[in-house]
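# Architecture at a glance
Residues per chain, in single letters:
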Amino acid sequence: MADKFEPQIIGFCCKYCAYAAADLAGSMRLSYPSCIKIVQVPCTGRIDVIHILKAIEEGADGVMVAGCLEGECHFLTGNLKAKKRVKYVRKILEDIGIEPERVVMFNLSSAMGPRFAEIATEMADTIKKIGPSRVRS
Amino acid sequence: MIIAEKKPIGEIIQEVKGYKRLLILGCNECVTVCEAGGRKEVGTLASALRIYFMKEGVEKQIDERTLERQCDHEYLEEIRDIADQYDAILSLACGVGVQFTAEKYHTTPLIPGVNTCFLGANEQRGVWTERCQACGSCILARTGGICPISRCAKRVMNGPCGGSSKGKCEINKELDCAWQLIIDRLRDLGRLDDYEIVAPIKEWSTERSGGPRKVVRADVQVSA
Amino acid sequence: MSLRTLDQVKASGELRTSSRLEKIFRMGHLAVTSECGPPRGSDPKAVTEKALLIKDHVDAINITDNQTSVTRMCSLASCIHLKQMGCEPVLQMVTRDRNRIALQSDILGAASFDINNMLCLTGDHQSFGDCKQGQNVHDLDSMQLIQTLRHMRDEGKFLGGDDIKRPPDLFVGAAANPFADPFEIRVPRLAKKVACGAEFIQTQCIYNLDKFEEWMRRVRERGLHEKVFIMAGMTPMKSAGMAKYMKNRVPGMDVPDEVIARLSGVAKDKQPQEGIDICVEAIQRLKEVEGVSGFHIMAIEWEEKVPEIVERAGLYPRPQV
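The shown structure was predicted, so the numbers you read here are calculated from the model rather than taken from an experiment. (Residues numbered from 1 in each chain as written. Chains lettered and ligands numbered in written order. Predicted model: local features only at pLDDT ≥ 70, side-chain atom pairs only at ≥ 80, totals over all residues.)

### Observations concerning the overall build of chain A
What chain A contains, in helices and strands, is four helices and four strands. In chain A, the succession of α and β elements from N to C terminus is β-α-β-α-β-α-β-α. Relative to the globule expectation of 14 Å for 137 residues, the C-alpha radius of gyration of chain A, 14 Å, shows essentially globular dimensions. In terms of its C-alpha atoms, chain A occupies a principal-axis envelope of roughly 40 × 35 × 20 Å. The buried share of chain A, taken over its 137 residues, is 46%. (Helix = DSSP H or I, 4+ residues; strand = E, 2+ residues; numbered from the N terminus. Rg over C-alpha atoms; globule rule 2.2 N^0.38 Å. Buried ≥ 20, exposed ≤ 12 C-beta atoms within 10 Å, placed from the backbone.)

### Side note on unusual backbone geometry
The omega angle of the peptide bond from G159(B) to P160(B) is -5°, so this bond is cis rather than trans. Positive phi, close to 40°, is recorded for R155(B), a residue that is not glycine. Mapped onto the fold, R155(B) is located in the loop between helix 6 (148–151) and strand 8 (168–169). Despite not being glycine, S69(C) has its phi angle at roughly 60°, a positive value. Within the fold, S69(C) resides in the loop between strand 2 (60–63) and helix 4 (75–84). For S69(C), a count of 20 C-beta atoms within 10 Å translates into the label buried.

### Looking at the interface of chain A and chain B
Opposite the 14 residues of chain A that make contact, chain B presents 12 residues. When contributions to the side of chain A that touches chain B are tallied by element, the ones reaching two or more residues are helix 2 (49–57) and helix 3 (78–95) of chain A. A per-element tally of the side of chain A that touches chain B places helix 2 of chain A first, with six residues. Within the side of chain A that touches chain B, the residues separate by chemical class into eight nonpolar, one polar and five charged. (Contact = placed C-beta atoms within 7 Å. Nonpolar A, V, L, I, M, F, W, Y, C, P; charged D, E, K, R; others polar.)

### Considering the pairing of strand 3 (residues 89–94) of chain C
Residue and element names in this part refer to chain C. The buried fraction of strand 3 is high, at six of six residues. Covered by surrounding structure in strand 3 are P89, L91 and M93 together with V90, Q92 and V94, the residues of both alternating faces. When strand 2 meets strand 3, the two strands line up parallel, connected through three bridges. Within strand 3, the residue paired with I63 across the bridge is L91. For the crossover that starts at strand 2, traverses helix 4 and ends in the parallel strand 3, the hand is right-handed. Bridging between strand 3 and strand 4 (residues 117–121) involves four bridges; their strand directions are parallel. Counted as the bridge partner of M93 is C120 from strand 4. Handedness of the β-α-β unit built from strand 3, helix 5 (residues 100–112) and strand 4 comes out right-handed. (Pairing = 2+ DSSP bridges. Right-handed = clockwise from strand over helix to strand, strands pointing away.)

### Examining the interface of chain B and chain C
If you look at the interface, chain B gives 22 residues, while chain C gives 25 residues. Residue composition of the side of chain B that touches chain C, grouped by class: 10 nonpolar, seven polar and five charged.

### Some thoughts on the pairing of strand 7 (residues 127–132) of chain B
Residues and elements named next belong to chain B. Here five bridges tie strand 6 (residues 114–124) to strand 7, and the two strands are oriented antiparallel to one another. Looking at strand 7, one finds that A121 is bridged to T129. In textbook terms, the turn of a hairpin is the stretch between consecutive antiparallel strands, and for strand 6 and strand 7 this stretch comprises two residues, one of which, G126, has a positive phi near 90°.

### What to know about the arrangement of the chains
Most contacts, compared over the two pairs of chains touching, are made between chains B and C. The two partners chain A and chain C share no contact, and the minimum distance between any of their C-alpha atoms is 26 Å.

Here is the structure:
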């Protein structure tokens, strides 16, 4: 393969769990793909449909939304709202002919450093397999 | 309130394909409240359409604007100076707004982005249900405040029909039987005897069948 | 009720129409009617052949009107075929498919062929039938149709106020369902239909005899049985499967578990006969109920069994009128 595709993935991570887990992964010296650009949010419930769409519009190959485990959201139901919105965005993408797998939600706790590394790797692998976004901004 | 629902994006794409410069025009009233065509929905739709056309390699200019209402001249005038910069306007207002905008900008193609569904209320976030059919001669005083025309699938004036089952309509088990609701309410109001009053044959000419309708209040009209 | 002769009835001045059914009621007999469903095509034999099977065992034959919203040959045309073969038809008319102009117009059409009985109904919603995407009309509802028919007949006027030349001579019927929800207004609803002018009633088919008798008790309490002739609807079950289907899938139907158990308790090939036995026994029991003026036997696509039911229930021969 001539050019190796380095995906650009935005990772919206909630402060209380996902971001903390990412931090922990870092302190544990676990490596995870550097193509995940982490954006801290107070809660995944803060993320709306437009944020995810804008990321795709601006050329992101993938968007990862990582929040607390269901039932353990710091703000109680923020991650459940995010789940619905991610599902909605995936439906829009499907309707306009973009692979819905480019947008994924994950749930984990702040203690799960290795899990963060795992999901980041999984996300990067998925996007590498699908290929670059056909949306050029 | 007028309740509308977003049109499937595939349908919208078909309609806007031929236009290079598109203005998505939202409305800050009913369609905002029913989350179908307000500023937020304009943004979502604009982004989705841009993503689609970029992927297809088609150049398009897709702009966003939301007016206070599209059913009043004054608000529609606000886009007078920019309307000719677009090849078409994709209006997310209800059918009224789309038409009124089309009347004011009659050389600009107007495309509806929502399906206008009914007059209804917000039962809970994300759920809107029909309440009124705009029949033009309201009988709610006689039916305990529940309308058999909009809430009964057969609009029977002396119901329930024989298909009412456990308080639900024969066409859909999740749909309340309007006449069960009316009877329950009459009972709660201590007026169950009113049930036997025969509702007279309805005057339908004030409804759609009588032709397009008009309301005038001469006392508030400005011109002579 | 004691029996009167036709001459006595005529002399009493109580007869309002030329209907044979009305005469039988007023003479004091238990009337018997049945029904035929028209074909999904234009062959009148589909109606006339069924009518031939039952005509000597019933006083009048109902023709359903696009029942379950499935498009069929219209009731009016089928009634004309019945009339032309010497049967007494009962025209069924739903308000779902016609506005008030068409309703009045069809009434006059029926009257022009001397069809003397009409049952005023709302009709099942069109989503049940073969034209789910169509509109429904319901310009009038069934109560208002009863009022309209009485107005046309007794006042001799159209709804619009003009005079009718040769007003329709039709005996006015309506349906009642003692088993629909809510039960508490089922008798007030009957009272309402009577107040609108209904002269005879045909009920939904009865399996829960106790509940029906309770409904009749409340009907008698209000004296309604003296103002309207009530015919108990009867449909023989063909199988336990049919009984279960009707219990679970048909709204406004009350099928007690005992009936299902009784049918399930016999071998499959014996179930039809058991169903007929249940029907006959029910008629025999309800004959004794004060206020029941007759039986409406609905054996759709099983019309050949009507003679057996009528005979075993002791309702044969029919009075010659």
